[in-house]
Amino acid sequence: TAILAHHLHHHLQANNSLTPHTFGYRANHSATHIQSHLHQLLHKSHIWDVPLTIATTDIKAAFGNMPHSASHESLTAAQAPPHLANALLKLVTHNSTNYLFQGSSSPTVHLNRGVLQGDAASALLFALTLDHILRRRGRT
């Protein structure tokens, strides 16, 4: 999925499909850069004696609860090439697991929603989907 994620990322950048506020998936927008910018904001607000308010949001279990249909919608909205979108969705949506405990295997559990944490494409798909949802929400 790393190669597919790379191609998707290239397409999204070429078509300006990610908003400027989508950090972590473009050059010079990593978590380290964000932390550095926040540190500079705090420092400058102190020097200039200007109040600064920072709010954060954490969506509980967001990675595991995202419907696969939302990933499909966001890839379509971003005009991702169909062959690329279909390949990514097949890898993300057709997963199952089972557990082995004391030599006994559990029944198969089908993963019908969410993105796989740690997968090369998951963070980008999650950001793209969340960005799409927020854009759509902003229009209503």
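Treat the numbers as computed from the prediction; the structure is a model and nothing was measured.

(A) Examining the overall build of the protein chain more closely. Helices and strands together make up the secondary structure of the protein chain, namely 6 helices and 4 strands. Within the protein chain, the fraction of its 140 residues that count as buried is 26%. About 10,000 Å² of surface is accessible on the protein chain, with carbon and sulfur atoms providing 58% of the total.

(B) How the structure looks around the environment of Thr108. Its location among the elements puts Thr108 in the loop between strand 3 (104-105) and strand 4 (109-111). Residue classification places Thr108 among the partly exposed positions, given a relative accessible area of 48%. Here the alpha-carbon distance between Thr108 and Ser96, two residues 12 residues apart in the chain, equals 6.5 Å. Apart from the residues within four sequence positions on either side, Thr108 is in contact with Ser96, Thr97 and Asn98.

(C) Region of the structure containing the side chain of Ser45. Of note, Ser45 is situated in helix 2 (residues 31-47). With relative accessibility at 15%, the residue Ser45 sits in the buried group. Not counting residues within four places of it along the chain, the set of residues in contact with Ser45 comprises Val50 and Leu52.

(D) Representation of the nonpolar core. The biggest cluster of nonpolar side chains holds 19 residues, and the ones touching the most others in it are Leu8, Leu12 and Leu75. Of all the elements in the fold, those that place two or more residues in this core are helix 1 (2-14), helix 4 (68-77), helix 5 (82-93) and helix 6 (122-139). Among the elements that make up this core, the one with the highest residue count is helix 5 (5 residues). Beyond its immediate sequence surroundings of up to four residues, Leu8 is in contact with Leu75, Ala80, Leu84, Leu88, Leu124 and Leu125.

(E) Representation of unusual backbone geometry in the model. Phi is positive for Gln79, which is not a glycine, with a value near 55°. Mapped onto the elements of the fold, Gln79 is located in the loop between helix 4 and helix 5. Classification of Gln79 by relative accessible area gives exposed; the value is 60%.

(F) Broad picture of the environment of Asn112. Examined against the element boundaries, Asn112 turns out to sit in the loop between strand 4 and helix 6. Since its relative accessible area comes to 60%, Asn112 is described here as exposed. Sequence-wise, Asn112 and Gly64 are 48 residues apart; in three dimensions their C-alpha atoms are separated by 9.6 Å.

(G) Broad picture of a nonpolar patch on the surface. Side chains of Leu38, Leu41, Leu42, Leu52 and Ile54 sit close together on the surface and give an oily, nonpolar patch of about 420 Å² of accessible area. Counting through the fold element by element, Ile54 comes out in the loop between helix 2 and helix 3 (62-65).

(H) Region of interest: the packing of helix 4 against helix 5. At their nearest, the axes of helix 4 and helix 5 sit 11 Å apart, and the two run at 165° to each other. With respect to their mutual orientation, helix 4 and helix 5 come out roughly antiparallel. Two packed elements cross with a definite hand, and for helix 4 against helix 5 that hand is right-handed. For the pair helix 4 and helix 5, contact is made by His68, Ser71, His72 and Leu75 and by Ala85, Leu89, Val92 and Thr93, respectively.

About the cut-offs
- Residues numbered from 1 in each chain as written.
- Predicted model: local features only at pLDDT ≥ 70, side-chain atom pairs only at ≥ 80, totals over all residues.
- Heavy atoms only, no water.
- Helix = DSSP H or I, 4+ residues; strand = E, 2+ residues; numbered from the N terminus.
- Buried < 20%, exposed > 50% of the residue type's maximum accessible area, 1.4 Å probe, protein only.
- Areas by Shrake-Rupley, 256 points an atom, 1.4 Å probe, with all protein chains shown as cover.
- Contact = heavy atoms within 4.5 Å.
- Core = buried A, V, L, I, M, F, W, Y, C linked by side-chain atoms within 4.5 Å.
- Patch = residues over 30% accessible without salt bridge, like charges linked within 9 Å, V, L, I, M, F, W, Y side chains within 5 Å.
- Salt bridge = Lys/Arg side-chain N within 4 Å of Asp/Glu carboxyl O.
- Axes fitted to C-alpha atoms, helices over the stretch in contact; angles between N-to-C directions.
- Parallel < 35°, antiparallel > 145°, perpendicular 65-115°, else oblique.
- Left-handed = near helix turned anticlockwise from the far one by under 90°.

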